[in-house]
Amino acid sequence: WTSLVGGELVTEGTKVTREDNELYAHWEPIRYTIHFDANGGSGNMSGQVNTYNVARALLANEFERVGYSFTGWAKSSDGDVVFADKEEVVNLREQDGDAITLYAVWNVAVYAIRFDGNGGTGLMDSQTMQIGVDQALSLCAFSYDGYVFVGWGTAYDGEAVYGDGAVVRDLTKVRNSTVTLYAIWEAEAVQNPVIT
């Protein structure tokens, strides 16, 4: 409260002796705290204190989760994204000293492996792989008359790098990208006829 005469601040409970004073309410905006939850991820983030009616960007995400990419913040652990990383927010709470928790939302980070017969015949579907996770390659479904499949290479004229059904991890860390593996062939050994 403030008195009209002199503009002095009069706090609640102060005894006022003059009868000709008019008092005016003075208001301060509330402050509230935003907490961040990794929601299955790892790492630490400090909370941030926001002021009512003051727009402020959320702190940048510092959490990580192997095999996943961060997509934003939700208001519940199983909710949809409501705020993007570093999005500007305002008035998430209306009571002084209140707190709100925002939960990290994660999407599986994947890439695709395309299999090239490299001269062989047959068809193979692309294989979806999760970044940060060990997975076995699909078994070779190509065939090549007169040749034996010896493994998968990263170039059509290269050497076999991965065996049939080999367990691999992170052939790339670029999510939603495609890696091509080429079938590597060796000519079958020619059997000399046995003369009797």
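Computed from a prediction, not measured in an experiment: that's the story for all the values here.

About the cut-offs
- Residues numbered from 1 in each chain as written.
- Predicted model: local features only at pLDDT ≥ 70, side-chain atom pairs only at ≥ 80, totals over all residues.
- Heavy atoms only, no water.
- Helix = DSSP H or I, 4+ residues; strand = E, 2+ residues; numbered from the N terminus.
- Buried < 20%, exposed > 50% of the residue type's maximum accessible area, 1.4 Å probe, protein only.
- Areas by Shrake-Rupley, 256 points an atom, 1.4 Å probe, with all protein chains shown as cover.
- Phe/Tyr/Trp six-rings, centres within 6.5 Å; stacked < 30°, edge-to-face > 60°.
- Pairing = 2+ DSSP bridges.
- Axes fitted to C-alpha atoms, helices over the stretch in contact; angles between N-to-C directions.
- Polar contact = N/O pair within 3.5 Å; in protein donor to acceptor, adjacent residues only side chain to side chain.
- Contact = heavy atoms within 4.5 Å.

**Q** Describe in detail the overall build of the protein chain, supporting the description with residues and values.
**A** When its secondary structure is counted, the protein chain shows zero helices and 14 strands. In sequence order, the secondary structure elements of the protein chain are arranged as β-β-β-β-β-β-β-β-β-β-β-β-β-β. Counting across all 196 residues of the protein chain, residues that qualify as buried make up 30%. Carbon and sulfur atoms make up 46% of the accessible area of the protein chain, which totals about 12,800 Å².

**Q** Describe the packing of aromatic side chains, with residues and values.
**A** Using the criterion set out here, one finds ten aromatic pairs in the structure. A centroid spacing of 4.9 Å and a plane angle of 55° characterise the contact between F36 and W73, whose relative ring orientation is tilted. Of the two residues, F36 sits in strand β3 (residues 31-37) while W73 sits in strand β6 (residues 68-74), which places them 37 residues apart along the sequence. W73 carries the same exposure label as F36, and that label is buried.

**Q** I'd love a proper account of the sheet that holds strand β12 (residues 147-153), names of residues and values included.
**A** Adjacent strands of a sheet pair through backbone hydrogen bonds, lying either parallel or antiparallel. With respect to topology, four strands assemble into an open sheet ordered β10-β9-β14-β12, the strand pairing being mixed. Whereas interior strands pair on both sides, the edge strands pair on one side only; in this sheet they are β10 (127-130) and β12. Along the sheet, successive strands turn relative to each other by an average axial angle of 30°, direction set aside.

**Q** Account for the sheet that holds strand β8 (residues 99-108), naming residues and giving values.
**A** As summarised here, the arrangement of the four strands in space is β4-β3-β8-β6, forming an open sheet in which the pairing is mixed. Whereas interior strands pair on both sides, the edge strands pair on one side only; in this sheet they are β4 (48-51) and β6. Each neighbouring strand pair of the sheet contributes to a mean axis angle of 30°, computed without reference to strand direction. Bridging between β3 and β4 involves four bridges; their strand directions are antiparallel. Counted as the bridge partner of Y32 is N50 from β4.

**Q** Pulling in residues and values, what's your account of the side chain of Q127?
**A** With respect to the helices and strands, Q127 occurs in strand β10. Among the polar contacts listed, one links the side chain of Q127 to the backbone nitrogen of S138, at a separation of 2.9 Å. For Q127, the contacting residues outside a window of four places in its chain are Y111, A112, I113, F115, A136, L137 and S138.

**Q** Explain the pairing of β8 to me, using residue names and the numbers behind them.
**A** Here five bridges tie β3 to β8, and the two strands are oriented parallel to one another. Looking across to β8, one finds that I34 is bridged to I100. Two elements, β6 and β8, share six bridges in a ladder whose sense is antiparallel. Following the sheet pairing, W73 is matched in β8 by A104.

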